[in-house]
Amino acid sequence: MPRHVLLAARRPRPRFVRRLAALLASAALPWAAQAQEAATPPDTESPFAIHGQATYIWTRKPAFDAPYSGENSLTPERAKSYSFTSTLDLGLRLWRGAEFHFNPEVSQGVPFSDLHGLGGLSNGELAKTASTSPKFYRARAFVRQYWGMGGGDETLEADFNQFARTVDKQRLVLTAGNFGVIDVFDQNPYGSDPRTQFMNWSFLTHGSWDYPADSRGYNWGAALEYIGDGWSARVGHFLQPLESNGRELDTRAFKHYGQMLELEKRYEIAGRPGQARLLLWRNRANMGAFNDAIAFGQANGVTPDVADVRREHTKWGVGLAFLQEVTRDAGVFLRANWSDDKTETYAFTEIGRQVAGGGTLKGALWGRPKDEVGLAMAVNMLSPAHRNYLAAGGLGAFLGDGALRYGPEQIVEIYYSFAVWKTLTLSPDFQYIRNPGYNRDRGPAKFIGVRAHAEF
């Protein structure tokens, strides 16, 4: 996620919580008879887990050329930005095959131009309502249940929001509660974590996937995974915000929602593992359509505004992803994704279509095995309807220069991560963005930053 990020999220209404609790209880019933004998894990397994992280990112933007600016433009003047987040993972083993995780989190920061002016925003750790004072909130509170289906053993290493455990290679996994959609879907070990890898929003996940989340990037819902012999499948159902990019979630779970299906095939090329994935998504919400806004504006002699024409709409899209290990220390990824892009952005960012790729390389070749270098590129695009709306002076969630001479937004990012200590890394980062906000009249924009990340 893309991570998003911000002020304390309101709790879902009691009706939705009761429904979710009933779902979890019904899922656990077949294993209730085993729960008592498994209540105390083996002596070699602790029933508790604790992990933590803290990330500070500082970025400078030099001035760039822009003959005009609008309400939602990236300001052309020289500017600086920063973000800070810190998170705890408090884990508890439950009954056999089940675990619970609770993540309290704090964040603060100052974004560039109030987080406006780009499709591919420069810092995935900054939220849409970032504040200069620390904000404490619950990021995650979820249950994960594993059901073995044979096929031999596989060892999962202890990690953030994951207990070390031995599981069947073929298994079902249910994750339900408060967590992020991209905690489960479109996982990419070669570049999607802004706390340690690429920071630009274009690389968090499929750029055109308006994945459901509150303004921090978290949500309530459930995801069910089947992990099989050589292939996997995942399906999820999540809430939508009450309003575009809002903090409060709409608890009418079967009226307004986001759904997704991901199919994954694992393979080998020259003895190196790889994955091919197909992701389908569908969102239902009260959204404004760009063409409706343009027609309304022309009929009434006003600037088009999606807020004037909101009604029930469905937004859908598709994404392909390929992940490939090249050597023991290097891997690459490629994403190509498309959405219908007829309606306003509701939860992620203003990207309608995208091609992105990149990779990471560990520093073993130059005697620094814990270091890492990464290089990635993205081309972000908009649908004709979205372009016309912005060209007519319309404002989106993130975009609005007052006019538009359209050009695909082109992004290059490179970072180098120095392993200072076992638990601390420092990462210089550089981003070059041509046609910021899809506007050939502006830019290019450059971002020079450094990230400090500590974890345990």
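So, here's what we can say about the structure. Every value quoted in this text rests on a predicted model; they were computed, and no experiment measured them.

A few points about the overall build of the protein
When helices and strands are tallied, the protein shows four helices and 19 strands. Taking all 456 residues of the protein together, the buried fraction comes to 54%. Accessible area of the protein: about 19400 Å², with a carbon and sulfur share of 58%.

Here's the deal with the pairing of strand S19 (residues 445-455)
Where strand S1 (residues 48-61) lies against S19, eight bridges are found, and the strand directions are antiparallel. Paired with alanine 54 across the strands is alanine 454, a residue of S19. Strand direction decides the pairing type here: strand S18 (residues 424-434) and S19, joined by ten bridges, are antiparallel. Of the residues in S19, the one forming a bridge with serine 427 is arginine 451.

A short note on the packing of aromatic side chains
In this structure the tally under the stated criterion is 18 aromatic pairs. Considering the side-chain rings of phenylalanine 198 and phenylalanine 203, the 5.5 Å spacing of their centres and the 55 degrees angle between planes classify their relative orientation as tilted. Residue phenylalanine 198 shares its accessibility class with phenylalanine 203, and that shared class is buried. Seen in terms of ring centroids, tryptophan 201 and phenylalanine 398 are 5.9 Å apart; in terms of plane orientation they differ by 75 degrees. Their pairing is edge-to-face. With tryptophan 201 in the loop between strand S7 (171-179) and strand S8 (219-227) and phenylalanine 398 in the loop between helix H4 (384-391) and strand S17 (409-421), the pair connects residues that are 197 residues apart, well separated along the chain. The class of tryptophan 201 is buried, set by a relative accessible area of 0%. A relative accessible area of 3% places phenylalanine 398 in the buried class.

Looking at the side chain of threonine 175
Within the fold, threonine 175 resides in strand S7. Its relative accessible area of 1% is what places threonine 175 among the buried residues. Separated by 3.3 Å, the side chains of threonine 175 and arginine 144 make a polar contact.

Observations concerning the environment of arginine 234
Residue placement: arginine 234 occurs in strand S9 (residues 231-241). Put simply, arginine 234 and leucine 263 are 29 residues apart on the chain and 6.6 Å apart in space, counted from C-alpha to C-alpha. With residues near it in sequence (within four places) discarded, arginine 234 still touches Val184, Phe185, Leu224, Glu225, Met260, Leu261, Glu262 and Glu264. A polar atom in the side chain of arginine 234 sits 2.9 Å from the side chain of glutamate 225.

What about the pattern of salt bridges?
A complete count under the given rule lists 22 salt bridges for this structure. Among the ionic pairs, arginine 335 bridges to aspartate 186, the shortest N-O distance being 3.1 Å. Of this pair, arginine 335 sits in strand S14 (residues 330-339) while aspartate 186 is found in the loop between S7 and S8, placing the two residues 149 residues apart along the sequence. Taken individually, arginine 335 and aspartate 186 each receive the classification buried, so the pair is uniform in this respect.

Observations concerning the side chain of glutamine 53
Examined against the element boundaries, glutamine 53 turns out to sit in strand S1. We classify glutamine 53 as buried; its relative accessible area is 6%. Within the local environment of glutamine 53, its side chain forms a polar contact with the side chain of threonine 55, the two groups lying 2.6 Å apart. Not counting residues within four places of it along the chain, the set of residues in contact with glutamine 53 comprises Thr85, Ser86, Thr87, Phe160, Arg195, His453, Ala454 and Glu455.

Observations regarding a nonpolar patch on the surface
A contiguous nonpolar patch, built from Leu375, Met377, Val412, Ile414, Phe430, Tyr432 and Ile448 and spanning about 570 Å² of accessible area, is present on the exposed surface. Going through the elements one at a time, strand S16 (368-381), S17 and S18 are the ones with two or more residues in the nonpolar patch. Tracing the backbone shows isoleucine 414 in strand S17.

With respect to helix H3 (residues 290-300)
Those residues of H3 that fall on the buried side of the exposure criterion are Phe290, Ala293, Ile294 and Gly297. Burial along H3 is one-sided: seen end-on, the buried residues are contained in an arc of 100 degrees. Turning to H3, the residues buried within the fold contact strand S12 (272-288) and H4. Downstream of H3 by a residue or two, glycine 301 has a phi angle that is positive, lying close to 65 degrees.

A short note on the environment of arginine 216
For arginine 216, the position within the fold is in the loop between S7 and S8. Between the C-alpha atom of arginine 216 and that of alanine 139, which follows or precedes it by 77 residues, the distance is 8.2 Å.

Side note on the nonpolar core
If you look at the biggest cluster of nonpolar residues, it comprises 39 residues, and the most contacted ones within it are Phe185, Phe203, Trp209 and Met260. Elements with a contribution of two residues or more to this core: S12, S16, S17 and S19. If we ignore the near neighbours within four places in the chain, the residues touching phenylalanine 185 are Trp209, Ala223, Arg234, Val235, Gly236, Phe238, Met260, Glu262 and Leu279. Grouped together as the second largest cluster of nonpolar side chains are 14 residues, Phe290, Val309, Leu382 and Leu390 included.

A look at the packing of H3 against H4
At their nearest, the axes of H3 and H4 sit 8 Å apart, and the two run at 35 degrees to each other. Pair H3 / H4 crosses with left-handed handedness. Where H3 approaches H4, its residues Phe290, Asn291, Ala293 and Ile294 are matched on the opposing element by Ala385, His386, Asn388 and Tyr389. Considered class by class, the residues forming the contact of H3 with H4 number five nonpolar, three polar and no charged.

A word on H4
All buried positions along H4 are accounted for by Ala385, His386, Tyr389 and Leu390. End-on view of H4: buried residues confined to an arc of 130 degrees, all on one side of the axis. If you follow the buried residues of H4, they end up packed against H3. Count one or two residues on from H4 and you reach glycine 393, which has phi positive near 100 degrees.

Calculation rules
- Residues numbered from 1 in each chain as written.
- Predicted model: local features only at pLDDT ≥ 70, side-chain atom pairs only at ≥ 80, totals over all residues.
- Heavy atoms only, no water.
- Helix = DSSP H or I, 4+ residues; strand = E, 2+ residues; numbered from the N terminus.
- Buried < 20%, exposed > 50% of the residue type's maximum accessible area, 1.4 Å probe, protein only.
- Areas by Shrake-Rupley, 256 points an atom, 1.4 Å probe, with all protein chains shown as cover.
- Pairing = 2+ DSSP bridges.
- Phe/Tyr/Trp six-rings, centres within 6.5 Å; stacked < 30°, edge-to-face > 60°.
- Polar contact = N/O pair within 3.5 Å; in protein donor to acceptor, adjacent residues only side chain to side chain.
- Contact = heavy atoms within 4.5 Å.
- Salt bridge = Lys/Arg side-chain N within 4 Å of Asp/Glu carboxyl O.
- Patch = residues over 30% accessible without salt bridge, like charges linked within 9 Å, V, L, I, M, F, W, Y side chains within 5 Å.
- Arc of directions from axis to C-beta.
- Core = buried A, V, L, I, M, F, W, Y, C linked by side-chain atoms within 4.5 Å.
- Axes fitted to C-alpha atoms, helices over the stretch in contact; angles between N-to-C directions.
- Left-handed = near helix turned anticlockwise from the far one by under 90°.
- Nonpolar A, V, L, I, M, F, W, Y, C, P; charged D, E, K, R; others polar.

Such coordinate-based values are descriptive only and should not be taken to indicate function.
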